[in-house]
Each structure stands twice: as structure tokens, then as C-alpha cells.
Amino acid sequence: MSDISFVRTEMLPEQDPPASTVGLIGWLRENLFSGWFNSILSLVSIYVIYVILSGLLSWAISPTWGAHSLNECREILAGLGREGHYAGACWGVISERWLQLMFGFYPPEHYWRVILAFVLVGVGLAPVLFDKAPRALLWFTPIFPFAVAWLLWGGTIWGPLVAMAGFVVGYFAYRFVSGIAGGLLGIIAAFAAPVIWWLFLAGPVAGALGAILPIGIEAVESRQFGGFMLSVTIGITAILISLPLGIVLALGRQSNLFIVKALCVGFIEFIRGVPLITLLFVASTLLNIFMPPGTNFDIILRVIIMVTLFAAAYMAEVIRGGLAALPKGQYEGADSLGLNYWQAQRLIIMPQALKISIPGIVSTFIGVFKDTTLVSIIGLLDPLGLSNAIRADTNWNGIVWEIYGFIALVFFIFCFSMSRYSMYLERKLQTGHH
Amino acid sequence: MKKSVFLGALTLASMGAGVAAAATLDDVKARGKLNCGVTTGLVGFAAPDANGVWEGFDVAVCRAVAAAVLGDPMAVEFVPTTGKTRFTALASGEIDMLARNTTWTFSRDVDLKFDFVGVNYYDGQGFMVPKELGVSSAKELDGATVCIQTGTTTELNLADFFRANNISYEPVPIETNAEAQQQYLAGACDVYTTDASGLAATRATFEDPSAHVLLPEIISKEPLGPLVRHGDNEWGDIVRWTLNALISAEELGVTSANIGELSAGTNNPEVNRLLGTEGNLGEMLGLDAEWAKRAIMAGGNYGEVFEKNIGEATPIGLARGLNAQWTDGGLLYSPPFR
């Protein structure tokens, strides 16, 4: 036996991959220069990006934060030797007006209420949105809409408390009536009793309680709402209410009960067949004329209702899409387990249908949030409406891109966060079946 | 049947509005605030400052009325209205008066059931062109592209003017003044046409205002004034005579500076009647004797309001022109306080 072997007996030591396939160079070769055609495309793209950025940045980077008028901006820029129509941005308008763009005409000494209100929205929604949030927060979730409304509008604390009591009234009406007269009548009572309470009893009761125990904070009128807080208020309310409303409408549309189905189809098709602007005009002008004189039906409330109904109609169709995508076997499986309608919906149908619909739901949310800018057409000063009002100041007349850029940036932050959240949710709910 | 129900509801609603309107003064006093409709923002005429306080030439009328009625020029709730919502806001009672550079026309006065109480600014439609175009008269604009706001009377006036002069133009429709500025500066149109006051305000924002000229032709009459609902003449009288008080004050030489001195009593009986030291004009209006004094003190007389907001000392730099007192060759002519 000789020691000579013709086959290697031990492994070669591992070597580093070639320098051209790892690190920055590797990434560039892989992604940008993987062939002559791709290389040309990459170079052209890089040039285009360079041209855009160099134009944009040389405009955007402009030391005009302290300026108090457009002319002052121009003087500052001229002092730097920058002349011409697009010599530089005039950021003074943002530094002077950003609070107004955020809070509108809300009294500055009460800004904390707005901020606290939106923090409470976050706290109230956290247990719903993230399963890592403490479960104890769940008790706060049904309360927060009333707390937020009270903080934003102020006034006596009894208003929101009495409004909340409407739901308690509805619950007891259901328990009482369904106990003696059966389920369907119970459900009808559960809807009718709170409406009666809100329409006829809530006002006097709140007034009486307020007279006995006047607890409250300074009231802020809706007219003073503006800027992003107006957009966010309308947007969040519409989003929060349109989802449950949309689910109910989608289920109603699939119902076997003729009247329920007809009502839902009629509502959805009517609302979807009318542009949002038309609904807003109805809210701002028509309702005014038809309501009895002296009624003071808050303009923002009217707008919120219209936007919510509009969003709910779209939401219903998105969810119906999710319901339609479920295989028939799921419904039949639920039936064969002996589950009743609501149990089947809650345990089997809805969790799957909603999961399928997440991208559609979130894009409806984003669309609703952006649609809130339409209220500027009926004279509410949302960010876009305010941009016009700010330009009407002689100091800032002639400024366009700075204000729109700022508004676009803030909107992007909101919408992009929603979009990222929906992707997180999809990943979290991914069960690997598909 | 359906139609008659609908009409019945309308009648009821309008009767209700009539009932509500009959006591606007009482409503305003009970509320402690005047609801005044203004634009959502027009340079020099109405705009909120950084603190959210509204300022401007139209705003000054609201403040004067609030001062006269409520004694506090700041007791005004400004309701921003657009060109589309302004008339329903007034008709439905959401606002007590509208001071929103609104042109007094026959159909608005008669058909829409409003009362224009006077004119606080005589405007007219003009043209702005770049100086390098070398045009000195609107009649030389044959074949020009014109930036024009859609859905306004200016659009109709423009068509009339070009047709009457037998020349052609190409319209570039735009929605807002801000858009017009950008389009015009970018050269998308040769000419920008809107109210002359708006043109002056727009030109003042340009990098080099002297490179643009306003053509001498004014092709329309645009008397802008505050208006109230039909049917409440007492309230209309208050707004009308508050505006007249500002105009008369300028004519009589009453300013916010000397009003304290003059209200001690003067040799001019009309000044005395205006300021309430003689006669009972305030009582006739349902107000106290010093109503006009407070209205004038709110922002000064008409001339002072003009100079502060849109006059030659401001960037907008409008000359008095038609808006001078009749004694100076203008059209301002307040009926006597007697």
C-alpha cells in the first residue's frame, strides 16, 4: 500500500467568494449592470434621477426659514446670488403657518386637547391593531370615541356620557324584549330604543345633569376646526365607522331576507352612484334649507356622516369581494358543524373574508382619508382650503409649491403608515395555506 | 302628487326661513356673535393671519357691523364660503350677511331674493400682459391665448368683448387664481384676465412686477358689495347704514384718530347726527346712539380701511379710482345722515 492516493481525502478550505459577487460591487453587478442593456438602462435612470434631484434639492435647500414674506425670501436668495423664478423655496411660510396647517383655527391654548385626543385614538386602537399591546387596554376601546369627541369639541362631559348611555339602553332593550317577545323583535328594539333615546331624551337628560353637576371644559366650535386635524378627524371617524357598517351592508346584501337585501343593495348602489362632492354639497347646502329653522346641525358632523356613508358603501363591496372569494365548502362546513348564522359568520366566514379583503380595505381607507380634502370645496378649511387662505395673505401671495409640498409630505406619512400596517397585518395573518 | 308634496315642503321650509329671518338682529344679539360669510381667501379682501384672525377689506365691513350691533368688532364668526356655497349659506340662515366680493347683478338681487345693501368696491374686469408682448390695448389681442377662470361672469364678459370687437382668442381654462399665476408665468397664456383688483394683487407677487402691464380697458362693471336676505328690512338697514356710515365718515373728515374729539360735539350737525350726539338715528335703527361711532372706530372710515388693506401703501397698491368720494371724482356717494 503506498501513500499515494489519486483522490483528495480532505476538503479544501472554504474560500471567500470572488470580490465581484459580494458586497457593494456584487450588488451593483447583480442588480444594475447584469448585461449591456441593463447597464445602459441603469445609467440613463441614474442620470434622470440626478437631474431631478439636483433641480429639486437646489430649490428645496434654501435658507429662508426665518423669512416673514415672499419678498423677504427673495431678498435673502438675491443676497446669496440666486435669482430667477425657481431660485429657491420660501420656507418661511411653513415655519410661520405650520401650526395653522395642523390645527386650523383651534385656540392655541387648547392644542394639547387635540394632541391628547389623537394619542387616545392610538391607545384605544392599539389592542385592536397589535396583538402585542396589553389586553387591559381593551376596556378603553369602546370608550375612546366618546372621550376623543369630548376633548375635541369640549363642553359638558354629560353630552358624551349620555350618548354612550344610548348603547346601554339598546343592550337592555334587547335583553328585555327578546326575553318576552323573541329574537327578531329584540333586535328591532335594540336599534329603535337608542335612536329614541338619542333623538328625544338625550338632550334634556344631558341638560338636566349639566345643571345639577356642571363638569366640563371650554367648548370649541366646529368652525374653528381646520387643517390636518380636520382631515384626521373626518378620516378616522369615517374609517372606524365605515368598517363595521360595511360588514353589515355586505352581509345584508347576501341575505335571504328580501327587504334587508333590497335596502342594502339600494343603499350601496345609490351611494356608489353619486360622486362624493355631490354628497358634500347636499350636506352643506341642501340639508340647511330643508331642516327646520333654528336647528343647528353641526356642519362637520354632517360632513362626517356623508363621508362615512360613502366609505361604508365602498367598504361593503370590498368585503363582499372577500365573501365571494371564500369556497362554498366553508359555509357548508360551518352549517354541518351546527353553527347558527352569527356563529358561522363570527368564527368561520368573517375571519377569512376579512383577511382576503385586507388590501382592498386599506386602500379604501387611504382613499377616504385623501378624499377628505374635497371638503375644501364646500368652504371648510382643510389643509388644501387653508393653502388658499394662506396665499390670500399679502405676505405669502404667490407661494404655491412650498405649501403643497408640505401638505403632500404629511399626507404621504399618514397614507404610507397605513399601507405599511396593512402589509404587517397580512404577514401576521399569513397561515401558509395559499 | 309627489311634486305637490315636494313643493309643500319647500314652501314650509322657505316660510320657516322667512320667520327666522324676520328677527336677524335679535338672533345676532342673542348669539352675541355676527355670522359673516367671507371668501375662503382673497388677497386684500379676506384672509386669516398666522393667528387665525381674519383681515381684509371685506372683513372690515363685517367688523364694522359687529361693532355697531354688538359693540365688539371681534365678535364675528367668519364663515368661509366658496363661489358655489355662498348664496345657499345666506339663504339658509347659516350666515347673517355676506361680504364676499360679490357682484351686484339683477338676477342675484331679484331672482335669488337677496338685498345688496350698497357697494363697497367698484371693480371691473381688466387684462394683464407681459410688457415684452408690446401690446398697449386689449383691442390688439387678436388671436391671443387668454387664461380665464371658468364658471364666472368674467368668462362671459370676455366672450362678449372679443365678439363686439370682432377679434378672436383662445381660452385657457383655469380653476383658481393661484393656478392662473403659475400658468401665466409659465407662458401657457399671453393674457390673464380677471377683476382689476385681482390682477393688481397678482402682479404685486411677481418677481419683477414692472415686466407686466395692466391694459387700460376695463370691459365690465363689477360693483362688489355686502348683501343680506330679502325679507328682513330692519337688518338690511343696519348693514346698509353701517356701510354708509364708513363712507360718510370719510367724506365728513371723521377718522379713527379724531373721532374721540369729534364725538364730544362739533359745529357740523351731520357729524353730530352720525356720531350720535344729536338726533336719534341709532334709535330708529333699533340700536343705541353710538352705533356709528363704534363702527368707525372698528377699523377707521372707508378711506382708512381702503388704505390699510388694498391701498397704495400696501403691496397690492390699488389707486382709489372709481372708489374715491364723489367730491374727488369717484362714485362713492352716501345718502345723507338726516
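Residues numbered from 1 in each chain as written. Chains lettered and ligands numbered in written order. Predicted model: local features only at pLDDT ≥ 70, side-chain atom pairs only at ≥ 80, totals over all residues.

Colleague: If you had to explain the interface of chain A and chain B to someone new, which residues and values would you point to?
Modeller: Contacts between the two partners involve 30 residues from chain A, matched on the other side by 37 residues from chain B. Those elements that provide at least two residues to the side of chain A that touches chain B are helix H3 (70-79), helix H4 (92-103), helix H11 (276-290) and helix H15 (383-391) of chain A. For the side of chain A that touches chain B, the leading source of residues is H11(A), giving five residues. Looking at the side of chain A that touches chain B residue by residue, the classes come out as twelve nonpolar, twelve polar and six charged. (Contact = placed C-beta atoms within 7 Å. Helix = DSSP H or I, 4+ residues; strand = E, 2+ residues; numbered from the N terminus. Nonpolar A, V, L, I, M, F, W, Y, C, P; charged D, E, K, R; others polar.)

Colleague: Now, about the environment of Asp160(B): what can you tell me, with residues and values included?
Modeller: All names here are of chain B. Along the chain, the position of Asp160 falls in helix H6 (residues 153-164). The class of Asp160 is exposed, set by 12 C-beta atoms lying within 10 Å. Along the chain, Asp160 and Val110 lie 50 residues apart, while their C-alpha atoms are 23 Å from each other. (Buried ≥ 20, exposed ≤ 12 C-beta atoms within 10 Å, placed from the backbone.)

Colleague: Describe the nonpolar core, naming the residues involved and giving the relevant values.
Modeller: The biggest cluster of nonpolar side chains holds 169 residues, and the ones touching the most others in it are Val303(A), Cys36(B), Cys62(B), Val65(B), Ala68(B), Leu246(B) and Ala295(B). It is helix H12 (residues 299-325) of chain A that provides the largest number of residues to this core, a total of 16 residues. Apart from the residues lying within four places of it in its own chain, the contact partners of Val303(A) are Ile234(A), Leu280(A), Ala283(A), Val375(A) and Leu380(A). Core analysis: the next-biggest nonpolar cluster, separate from the first, contains ten residues, Ala189(A), Ala190(A), Ala202(A) and Ala206(A) among them. (Core = buried A, V, L, I, M, F, W, Y, C linked by C-beta atoms within 7 Å.)

Colleague: So what's going on with the sheet that holds strand S11 (residues 191-195) of chain B? Which residues, and what values?
Modeller: Residue and element names in this part refer to chain B. Judged by pairing direction, the sheet is mixed, and its five strands sit side by side in the order S10-S9-S11-S8-S12 without closing on themselves. Whereas interior strands pair on both sides, the edge strands pair on one side only; in this sheet they are strand S10 (169-174) and strand S12 (212-214). Going from strand to strand, the sheet's axes swing by 30° on average, the running direction of each strand aside. Of the pairings in the sheet, the one linking strand S8 (residues 125-130) to S12 comprises three bridges and is antiparallel in character. Counted as the bridge partner of Pro130 is His212 from S12. Across the sheet, helix H8 (residues 196-204) touches S8, S11 and S12, and the angle it forms with S11 is around 125°. (Pairing = 2+ DSSP bridges. Axes fitted to C-alpha atoms, helices over the stretch in contact; angles between N-to-C directions.)

Colleague: Give a description of the pairing of S8(B) that names residues and reports values.
Modeller: Residues and elements named next belong to chain B. Most of S8 sits out of view: five of its six residues are buried. With four bridges joining them, S8 and S11 adopt antiparallel strand pairing. Looking at S11, one finds that Gln125 is bridged to Asp195.

Structural measurements only, silent on function.
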